[in-house]
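Coordinate inspection notes
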Amino acid sequence: MVDNRADGRRGGNVPARVPCRYGLIGSGIGASLSPALHEGEGPHHGLDLTYELIDVQDPDTPDDLDRLLREAEEAGFAGLNVTHPFKQRVIPRLDGLSRQAEDIGAVNTIVFSGGRRVGHNTDAAGFAESFARELPGAATGHVVQLGAGGAGAACAHAQLTAGTGRLTIADPDPARRAALVGRLTARFGAGRIAGIPPSGLETALASADGVVNASPVGMRSHPGTPMPVDLLRPGLWLVDIVYMPLTTRLLQAARSRGVRAIGGAGMCVFQAAASFELITGRVPDTGRMLRHLRALLAERRSRPCPAPATPRRTP
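All of the points below concern the structure found in this document. Keep in mind the model is a prediction, meaning the values are calculated, not measured.

About the cut-offs
- Here the residue numbering is sequential within each chain, running from 1 through the sequence in written order.
- The model is predicted, so local features are restricted to residues of pLDDT at least 70 and side-chain atom pairs to those at 80 or more, both for listing and for counting; the totals for chains, interfaces and linings are taken over all residues.
- Just so you know, side-chain values use all the structure's heavy atoms and leave hydrogens and water out.
- Secondary structure elements follow DSSP: runs of H or I of four or more residues count as helices, runs of E of two or more count as strands, with numbering from the N terminus.
- The size measure is the radius of gyration over C-alpha atoms, and the globule rule it meets is 2.2 Å times the number of residues to the 0.38 power.
- For every residue, the accessible area (1.4 Å probe, protein chains only) is compared with the maximum for its type, and the residue is labelled buried under 20%, exposed over 50%, or partly exposed between those bounds.
- The criterion used for residue contact is that any of the two residues' heavy atoms lie within 4.5 Å.
- A positive count includes Lys and Arg, and a negative count includes Asp and Glu. His and the chain ends are not counted in either.
- Each charge is placed at NZ for Lys, CZ for Arg, CG for Asp and CD for Glu.
- For our purposes a nonpolar core is just a set of buried Ala, Val, Leu, Ile, Met, Phe, Trp, Tyr and Cys residues, chained together by side-chain atoms within 4.5 Å.
- Note on method: axes are straight lines fitted to C-alpha atoms, helices fitted across the in-contact stretch only, with angles between N-to-C directions ranging 0 to 180 degrees.
- Working rule for angles: under 35 degrees goes down as roughly parallel, over 145 as roughly antiparallel, 65 to 115 as roughly perpendicular, anything else as oblique.
- Should the near helix be turned anticlockwise from the far one by less than a right angle, the crossing is left-handed, and should it be turned clockwise, the crossing is right-handed.
- Here a salt bridge means any side-chain nitrogen of Lys or Arg lying within 4 Å of a carboxyl oxygen belonging to Asp or Glu.
- Any two of the Phe, Tyr and Trp rings considered here, Trp counted by its six-membered ring, make a pair once their centres fall within 6.5 Å; the pair's planes then place it as stacked at under 30 degrees, edge-to-face at over 60, or tilted in between.

1. Some words on the overall build of the chain
Counting secondary structure elements, the chain contains 10 helices and 12 strands. Whereas a compact globule of 315 residues would reach a radius of gyration of roughly 20 Å, the chain reaches 20 Å, a difference of no more than 12%. Across the 315 residues in the chain, those meeting the buried criterion constitute 49%. The contacts of the chain with a sequence gap of at least 6 include a subset with a gap of at least 24, amounting to 69%. Side chains of the chain give 35 positive and 30 negative charges; the mean places of these two sets differ by 5 Å.

Given below as structure tokens:
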């Protein structure tokens, strides 16, 4: 007789699930839905998947990042997802980069294998897939992007690769803005990319086809809007890569002004699916993951009060 108690079912020759442990490192991520999203997909691929949050309380302490990466490896993690504010800071602590991560200059996925840490970037592919599916036919002669951080670098790379004619990047940090413009110009050629401070948004938007918010502003941990909403006008399109809350204040303002606008749920799922495949070696069902994410978001919206923060998890 076959003992199937480990699988939770009786009868039948059911193989045991393969253990797999990985997680997400970032700051202020206690409310992340990534554990539920990844752990929900794992059993469909024969995985006993554990996804853990590593929420760094003081992200400005470099030693914490070194220590937590080392502890995750020693604890048997197969890899890590990386989010704000570590997508660029983690690069010097890796042994290698995929070509796309090197081009973008930001990492959102680390695979631990054979004693090496290899960084990848699935944000760019996630953005491109979501944009193509949800805003088909959108004009991209001139796009204004808000944010020049790690997520901004990936979104900019995806847009220019897809054929955006001109990309204007607005960011309050002059050094970060200039660094991203320089990297993109070296990769895509002169004349297509410009950097501006937020004070230049009104002029830039006057000739823009669309706007991308690739900054963290709008997240639950960074409330507000990343631009004056009075600058939004009919005829623009807008992508806000923030997915929690599902409808940000920026999205609400855009839609109320007749702007064709999409949120970050699609990008979240497509980048997560690519990351899932890199770390586990299994090809996930993106349709199933998108339905799962929307159900999780709907459940969270229906709660009468915000859910308590997830306790900090460490390796």
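Following the structure, the description resumes.
2. Regarding the nonpolar core
In this structure, F127, I169, L184, W237, V239 and I241 are the most contacted members of the largest nonpolar core, which totals 30 residues. Within the residue set of this core, elements represented by two or more residues are α4 (123-134), α5 (150-162), β8 (166-170), α6 (174-188) and β11 (237-240). Of the residues forming this core, the biggest block, seven residues, is contributed by α5. L205, L236, L238 and L250 belong to the second largest nonpolar core, which has 19 residues in total.

3. Side note on the packing of α4 against helix α9 (residues 265-280)
Packing of α4 against α9 brings their axes to within 7 Å, and their N-to-C directions diverge by 135 degrees. Taken together, the axes of α4 and α9 lie oblique to each other. The handedness of the crossing between α4 and α9 comes out as right-handed. Here D123, G126, F127, E129, S130, R133 and E134 of α4 come into contact with α9, specifically with G266, M267, F270 and Q271.

4. Re the pattern of salt bridges
Here the structure, examined in full by the defined rule, presents 12 salt bridges. Among the salt bridges present, the one from E73 reaches R117, with a minimum N-O distance of 2.8 Å. Highlighted residues: E73 in helix α2 (residues 62-74) and R117 in strand β6 (residues 116-120), separated in sequence by 44 residues. Assessed through its relative accessible area of 13%, R117 is described here as buried. R257 is the salt-bridge partner of D230, the closest N and O atoms lying 3.2 Å from each other. Remark: R257 occurs in the loop between α8 (249-256) and β12 (260-262) and D230 occurs in the loop between β10 (210-213) and β11; sequence separation between them is 27 residues.

5. A few points about the packing of aromatic side chains
Counted by the stated rule, this structure contains three aromatic pairs. Geometrically, the ring pair formed by Y22 and Y51 is edge-to-face, given 5.2 Å between the ring centres and 75 degrees between the ring planes. Of this pair, Y22 sits in strand β1 (residues 18-26) while Y51 sits in strand β2 (residues 47-55), and the two are 29 residues apart along the sequence. For the pair Y22 and Y51, a shared accessibility class is recorded, and that class is buried. Taken together, a centroid distance of 5.0 Å and an interplanar angle of 70 degrees make the contact between F131 and W237 edge-to-face. Of this pair, F131 sits in helix α4 while W237 sits in strand β11, and the two are 106 residues apart along the sequence.

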